[in-house]
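# Fold and contact review
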Amino acid sequence: MPRLLSSAPIRSRFRTRRRLLAAALALPLGVALAACQAPRTSTSPESSAPPTSSIAQQAARAYLAARPSHDASAAPAGQPAQPSAPAEGPTQQAAPAQALVAPLVANPARPPLASAPASRPPGLDDSWRLVFGDEFNASVLDPAKWVTNVWQGAQCGANSGNHGSQNCYSPSAVTQSDGNAHLTASQTPYNFNGRIFPYTSGIINSDQQYFFTYGYVDVRARLPKGKGFWPAIWLYNPAYTLDEIDIMEFIGEDQTTIFQTLHTKHGGENQFKTRHADWSADYHNFAARWEPGALTFYIDGVQTGRLTNLVPSEKMYLMVNLDVGGPSSWGGAPNSATRFPSSVDIDYVHIYQQAP
């Protein structure tokens, strides 16, 4: 059974978030990211210095300040741009022109649901209904629910040299079989506008497909072990206000610890660590109950942490991704013992909301 450890604010001497805008890296698509911020150690509130802006906060502010105005000559929204063909690496998914304009915040039409699960998670009564879900039982990923890039079209993560991940995301790294979605990291070089990244990996997210405010998010998945792997299940918002709910983060070299964290636009972070002999050995349910003024984390139906301060109230979307770290990233870069290909295997995603 998971064991709840004490929570403490994550302060400035912790590892900063490794998401950076592609613009900051001279990449033309606008924005890029790694999974989430993560600490190196824990400190008590009494001994911590006041938090400073994370790299992600600075990057998002720079993006919003420097965002180019809409170019009438660009392809219409929803139509792919035409980048030059890569010399090597996986086929790239073209970035929609809307990546160059203000983020979308209107909620799209709700995608069709799979059949409702036979039972709700513990603690949810009949007033809770399934509003978004996927059992991944089809032969291919459902494009009405998921996209396989980030930040409205960017392929790469926070590829910032020694500080970020070394992978680019590709639709080719997302497959579906045996009732699972597989986000696979491989030693396949990725040519992104002439810059070669040593790894290709996968992400699914509901950005532009489904946003929601409050609910119970339940994701059942099996995680990969190995130095350099950094899978995450998290909520982010289309307004880029820097509030973020990390339902699960896992560092593949340490199979004993799951991190669950709230980051806020006010600069505060609160994190819970839950220990187990080996989280990668089997499937587990990672969940968060997000309500007005309260956020509660769960693993396998057991409460692992609860917060009642600075809980976000804006729309968010769900992401599940697998990053491959760099030399100075949290968890470090792969080594000779890291097995490729490796994947996050997602059994299902369920989002519930209470009926009004």
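Residues numbered from 1 in each chain as written. Predicted model: local features only at pLDDT ≥ 70, side-chain atom pairs only at ≥ 80, totals over all residues. Heavy atoms only, no water.

Moving on, we get to the overall build of the protein. Within the protein, the regular secondary structure consists of one helix and 20 strands. The buried share of the protein, reckoned over its 356 residues, is 58%. For the protein, the proportion of contacts with a sequence separation of at least 24, taken over those separated by at least 6, is 71%. (Helix = DSSP H or I, 4+ residues; strand = E, 2+ residues; numbered from the N terminus. Buried < 20%, exposed > 50% of the residue type's maximum accessible area, 1.4 Å probe, protein only. Contact = heavy atoms within 4.5 Å.)

Next up on the list: the pattern of salt bridges. For the structure shown, the criterion picks out six salt bridges. Ionic pairing is found between Asp345 and Arg222, a salt bridge with its closest N-O pair at 3.0 Å. Here Arg222 lies in strand β11 (residues 215-222) and Asp345 lies in strand β20 (residues 342-354), a separation of 123 residues in the sequence. The exposure class of Asp345 is buried, given its relative accessible area of 7%. Its relative accessible area of 32% is what places Arg222 among the partly exposed residues. (Salt bridge = Lys/Arg side-chain N within 4 Å of Asp/Glu carboxyl O.)

Moving on: the environment of Pro143. Mapped onto the elements, Pro143 comes out in the loop between β3 (128-134) and β4 (167-169). A relative accessible area of 62% means that Pro143 is categorised as exposed. Taking C-alpha positions, Pro143 is 8.7 Å from Gln209, a pair spaced 66 residues apart along the chain.

Applying the stated criterion across every chain, the model contains 14 aromatic pairs. Here the aromatic rings of Phe132 and Tyr210 are separated by 4.8 Å at their centres, their planes lie at 10°, and the arrangement is stacked. Residue Phe132 is found in strand β3, and its partner Tyr210 is found in the loop between β10 (203-205) and β11; the two are separated by 78 residues along the sequence. One exposure class covers both Phe132 and Tyr210, and it is buried. Taking 5.3 Å as the distance between ring centres and 75° as the angle between the ring planes, the aromatic pair formed by Phe229 and Phe340 counts as edge-to-face. Of this pair, Phe229 sits in strand β12 (residues 229-236) while Phe340 is found in the loop between β19 (317-324) and β20, placing the two residues 111 residues apart along the sequence. Each member of the pair, Phe229 as well as Phe340, carries the same accessibility label: buried. Here the aromatic cluster, defined as three or more aromatic residues joined through ring pairs, consists of Phe132, Phe136, Trp146, Tyr210, Phe212, Tyr214 and Trp290. (Phe/Tyr/Trp six-rings, centres within 6.5 Å; stacked < 30°, edge-to-face > 60°.)

Let us now look at the pairing of strand β5 (residues 174-177). Side-chain alternation along β5 places Val174 and Gln176 on a buried face and Thr175 and Ser177 on a face that remains uncovered. Relative to strand β6 (residues 180-185), β5 is paired through four bridges, and the arrangement is antiparallel. Each bridged residue has a counterpart across the sheet, and for Thr175 the counterpart in β6 is His182. The antiparallel hairpin formed by β5 and β6 contains two residues in its connecting segment, where Asp178 sits at a positive phi of about 55°. (Pairing = 2+ DSSP bridges.)

Of all seven residues in strand β14 (residues 257-263), seven are buried, a share of seventy percent or more. Where burial is concerned, the two faces of β14 agree: the one with Thr257, Phe259, Thr261 and His263 and the one with Ile258, Gln260 and Leu262 are both buried. Pairing of strand β13 (residues 244-249) with β14, which is carried by four bridges, proceeds in the antiparallel orientation. Within β14, the position partnered with Ile245 by the bridge is Leu262. Where β14 meets strand β15 (residues 269-275), seven bridges bridge the pair, whose relative direction is antiparallel. Looking across to β15, one finds that Phe259 is bridged to Lys273. Taking the residues between adjacent antiparallel strands as the criterion, β14 and β15 are bridged by five residues, where Gly267 takes a positive phi near 95°.

This brings us to unusual backbone geometry. A cis amide bond links Phe340 to the next residue, Pro341, at an omega of -10°. Note that Pro341 resides in the loop between β19 and β20. The phi dihedral of Phe136 is positive, around 60°, even though this residue is not glycine. Looking at the element boundaries, Phe136 is found in the loop between β3 and β4. Of note in this structure, Asp178 is not a glycine but carries a positive phi near 55°. Along the polypeptide, Asp178 turns up in the loop between β5 and β6.

Attention now goes to the confidence of the model for the protein. Scored by pLDDT, the protein comes out at a mean of 75, with 65% of its residues at no less than 70. Note on residues 1-89: pLDDT under 50 across the span, and 213 contacts to partners over four residues away in sequence or across chains. Residue range residues 91-105 is modelled with pLDDT below 50. Its contacts to residues more than four positions away, or to other chains, number 56 contacts. (pLDDT = per-residue confidence, 0-100.)

Ranked by size, the top nonpolar core spans 46 residues in total, and within it Ile204, Leu235, Ile245 and Ile346 carry the most contacts. Setting aside chain neighbours within four positions, we find Ile346 in contact with Phe136, Gly179, Asn180, Ala181, Leu183, Ile204, Val219, Arg220, Ala221 and Val320. The next biggest cluster of nonpolar side chains, apart from the first, holds 13 residues, and it includes Trp151, Phe211, Ala232 and Tyr236. (Core = buried A, V, L, I, M, F, W, Y, C linked by side-chain atoms within 4.5 Å.)

Turning to the environment of Val217, a few remarks are in order. Mapping Val217 onto the fold places it in strand β11. Here the alpha-carbon distance between Val217 and Gly133, two residues 84 residues apart in the chain, equals 9.6 Å. With near-sequence residues (within four places) excluded, Val217 lies in contact with Phe212, Leu235, Ile247, Phe286, Ala287, Ala288, Leu318, His350 and Ile351.

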